[in-house]
Amino acid sequence: MIIAVLQFELAIHGAESLKDKRRVVRSVKDRLHREHMVSVAEVARLDSLAVARLGVAAVGNDGKHLASVLDRITDKLRALTDAELVWTTRELIRGREPDDGPAELDEDALAAELLARADAIDEDA
């Protein structure tokens, strides 16, 4: 299993209210989801009128295909007329292969890993 993650920031020109910003963000989210079958969410800068930070995630078994999907999404973001692409980051995460037997879920380790990743993301924001 491979998880493809794309984070990006958009500068939204001319937004005079959060409603204006939300219109642009909703349009981008809906279009990317519909055309690429990816999950999209606004992940930071929620109260800023002029900037939106979004994340895209896709899951598959072919890293080349997922990288190609992220490339096509990035090209679409560069061509936006309602907003300007400021920056992007991308990451491909490989899942571990299952062992021969059923693995025990270490909930404490999983919680610690998720918190560490969240802290790292907050530091980058």
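Our structure's up above, just so we're on the same page.
None of the values given here were measured: they were computed from a predicted structure.

Scoring rules and cut-offs
Residues numbered from 1 in each chain as written. Predicted model: local features only at pLDDT ≥ 70, side-chain atom pairs only at ≥ 80, totals over all residues. Heavy atoms only, no water. Helix = DSSP H or I, 4+ residues; strand = E, 2+ residues; numbered from the N terminus. Expected span 1.5 Å × (residues − 1). Buried < 20%, exposed > 50% of the residue type's maximum accessible area, 1.4 Å probe, protein only. Arc of directions from axis to C-beta. Contact = heavy atoms within 4.5 Å. Polar contact = N/O pair within 3.5 Å; in protein donor to acceptor, adjacent residues only side chain to side chain.

Asks: How would you explain helix α2 (residues 63-78) if you had to name every residue and give the values?
Replies: Here α2 spans 23 Å end to end across 16 residues, near enough to the 22 Å set by a 1.5 Å rise per residue. Regarding α2, the residues found buried are Gly63, Leu66, Ala67, Val69, Leu70, Ile73, Thr74 and Leu77. Buried residues in α2, looked at end-on, bunch into an arc of 155 degrees, giving them a common side. Residues of α2 that are buried sit in contact with β1 (2-12), α1 (18-36), β3 (51-60) and β4 (83-94). Sitting at the head of α2, Asp62 places a side-chain oxygen 3.1 Å from the backbone nitrogen of Lys64.

Asks: Break down unusual backbone geometry for me, citing the residues and quoting the values.
Replies: With a phi angle near 50 degrees, Met37 is a residue other than glycine that sits in the positive phi range. Residue position: Met37 is located in the loop between α1 and β2 (39-44). Since its relative accessible area comes to 65%, Met37 is described here as exposed.

Asks: Can you break down α1 residue by residue, with the values?
Replies: Look at α1: 26 Å from first C-alpha to last across 19 residues, which is about the 27 Å you get at 1.5 Å a residue. Of all the positions in α1, only Lys21, Val24, Val25, Val28, Leu32 and His36 are classed as buried. For α1, the arc enclosing every buried residue in end-on projection is 95 degrees, short of the 170-degree limit, so these residues lie on one face. Of the exposed residues in α1, the ones pointing more than 90 degrees away from its buried face are Lys19 and Arg34. Lining the buried residues of α1 we find β1, β2, β3, α2 and β4. Met37 lies just past α1 and shows a positive phi near 50 degrees.

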